[in-house]
Amino acid sequence: FACVAAEEQPDNINDYAAGTNTHKLTEAEGGGTLTLKDGHAESAVIVGYTGKSVPHKVIIPSVITDAKRDVTGIGDEAFYQLSTIKEIVLPDTVTYIGKFAFAGCTALESIVIPESVEYIDENAFYGCTSLKSVTFKGTAVKSIGDFAFLGCTALETVALPEGLLEIGDYTFGNCSALKKVKTPSTLEKIGTLTFYGCEALNVDGGLTLSA
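All chains use their own residue numbering, which begins from 1 and follows the written sequence. The model is predicted, so local features are restricted to residues of pLDDT at least 70 and side-chain atom pairs to those at 80 or more, both for listing and for counting; the totals for chains, interfaces and linings are taken over all residues. Excluded from the side-chain calculations are hydrogens and water; all other atoms, namely the structure's heavy atoms, are used.

Our focus in this paragraph is the nonpolar core. Take the buried residues of types Ala, Val, Leu, Ile, Met, Phe, Trp, Tyr and Cys, join any two whose side-chain atoms come within 4.5 Å, and each joined set is a nonpolar core. Residue burial is assigned from relative accessible area. The probe radius is 1.4 Å, only protein chains are included, and a residue is buried under 20% of its type maximum, exposed over 50%, and partly exposed in between. Of all hydrophobic cores here, the largest spans 50 residues; its most connected members are Phe 79, Phe 125 and Phe 172. Each helix corresponds to a stretch of at least 4 residues labelled H or I by DSSP, and each strand to a stretch of at least 2 residues labelled E; elements are numbered beginning at the N terminus. Per element, the largest residue contribution to this core is three residues, and it comes from strand β3 (residues 43-50). Working rule for contacts: check all heavy atoms of both residues, and any pair within 4.5 Å makes them a contact. Excluding anything up to four places from it in sequence, Phe 172 contacts Phe 149, Leu 155, Val 158, Leu 160, Ile 167, Leu 178, Thr 194, Phe 195, Tyr 196 and Cys 198.

Our next topic: the sheet that holds strand β15 (residues 180-182). Between any two strands, at least two bridges found by DSSP are needed for them to pair. Read from one edge to the other, the open sheet built from three strands follows the order β13-β15-β17, with strand pairing classed as parallel. Edge strands, defined here as strands with exactly one partner in the open sheet, are β13 (157-159) and β17 (207-208). Sheet topology note: the β15/β17 ladder contains two bridges and is parallel. Directly across from Lys 182, in β17, lies its bridge partner Thr 208.

A word on the sheet that holds strand β9 (residues 110-113). Reading across the sheet, the four strands line up as β4-β7-β9-β11 and stay open at both edges, with parallel pairing between neighbours. On the outer flanks of this sheet lie β4 (56-59) and β11 (133-136), each paired with one strand and no other. Each strand of the sheet is rotated relative to its neighbour by a mean of 15°, with strand direction disregarded. Across two bridges, strand β7 (residues 85-89) lies against β9 in parallel orientation. Looking at the pairing, Glu 87 lines up with Ser 110 of β9. Helix axes are fitted only over the stretch in contact, all axes being lines through C-alpha atoms; the angle between N-to-C directions runs from 0 to 180 degrees.

Generally, phi is negative for residues other than glycine and the peptide bonds are trans, each holding for most cases. Of note in the backbone geometry, Asn 123 takes a positive phi value of approximately 60° without being a glycine. Here Asn 123 shows up in the loop between β10 (119-120) and β11. In this structure Asn 123 comes out as buried when scored by relative accessible area, which is 8%. Although it is not a glycine, Tyr 170 adopts a positive phi angle of roughly 55°. Structurally, the position occupied by Tyr 170 is in the loop between β14 (166-167) and β15.

On to the packing of aromatic side chains, then. In this analysis, rings of Phe, Tyr and Trp, with Trp reduced to its six-membered ring, are considered paired at centre separations within 6.5 Å, and the interplanar angle assigns stacked below 30 degrees, edge-to-face beyond 60, and tilted for intermediate values. Within the structure shown, the criterion is met by ten aromatic pairs. Measuring from centroid to centroid gives 5.1 Å for Phe 125 and Phe 149, while their planes differ by 5°, and the two rings are stacked. Of this pair, Phe 125 sits in the loop between β10 and β11 while Phe 149 sits in the loop between β12 (143-144) and β13, and the two are 24 residues apart along the sequence. In terms of burial, Phe 125 and Phe 149 fall into one category: buried. An angle of 70° between the planes, with centres 6.0 Å apart, marks the rings of Tyr 170 and Tyr 196 as edge-to-face. One end of the pair, Tyr 170, is in the loop between β14 and β15; the other, Tyr 196, is in the loop between β16 (189-190) and β17, and 26 residues separate them in sequence. We classify Tyr 170 as partly exposed; its relative accessible area is 28%. Since its relative accessible area comes to 45%, Tyr 196 is described here as partly exposed. In textbook terms, an aromatic cluster arises when at least three aromatic residues are bridged by ring pairs, as seen for Tyr 49, Phe 79, Phe 102, Phe 125, Phe 149, Phe 172 and Phe 195.

This part is about the pairing of strand β2 (residues 33-38). Here β2 shows a clear split, with Leu 34, Leu 36 and Asp 38 buried on one side and none of Thr 33, Thr 35 and Lys 37 buried on the other. As paired elements, strand β1 (residues 20-24) and β2 share five bridges and run antiparallel to each other. Of the residues in β2, the one forming a bridge with Asn 21 is Leu 36. In this structure, the hairpin formed by β2 and β3 is closed by a connection of four residues, where Ala 41 is found at a positive phi of approximately 55°.

Side-chain pairs of opposite charge can arise where the charged atoms are in close proximity. Salt bridges are defined as contacts in which a side-chain nitrogen from Lys or Arg sits within 4 Å of a carboxyl oxygen from Asp or Glu. If you walk through the whole model with that rule in mind, you get four salt bridges. A salt bridge links Glu 27 to Lys 52; its shortest N-O distance comes to 3.5 Å. Here Glu 27 is found in the loop between β1 and β2, whereas its partner Lys 52 is found in the loop between β3 and β4, with 25 residues between them in sequence. The partly exposed category is assigned to Lys 52, whose relative accessible area is 33%.

That's the geometry; what it means functionally is another story.
Set out below in structure tokens:
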């Protein structure tokens, strides 16, 4: 993203080690197996998950204890089209959510963006048709990418966090149930057709732009 200086960006997924590791979640964490790539400075990024065949909640640990690495990112397509995840809890060590990370997770109902997250990449939650609640913690998020919440047809309200600088093109496109959006005073750029197809926002006061 243009608004994030190159030296400030997290490690690129292509910079991570070619080899992958796996980590089994406990039943309390939702069960299943995470696939990870090792990064720099004792970090790791999640690149895949296999789990139960019924709707369930997944809790991602902040540290992979057996590998002694902090989970710092959700990689591209890590949970792509996993229609059995109803809720996922992200640790406060995660700094970014990659492209299509949760796209097509049609059972996902809510997501809390930890205060550590700095940017959400394009199509991250595309087509999450059951997503009703998105909660931002803290003020670290600087950019939300193109199409990030495109087609989240159950989403009704969004309060974007202070500190946010940019919303991309079609970010909330076709969120047909979206009735209320509040933008922060720090926002510098709203992309092309960011709220395209959000027919419920046509009500007076639905979109609140901070001065």
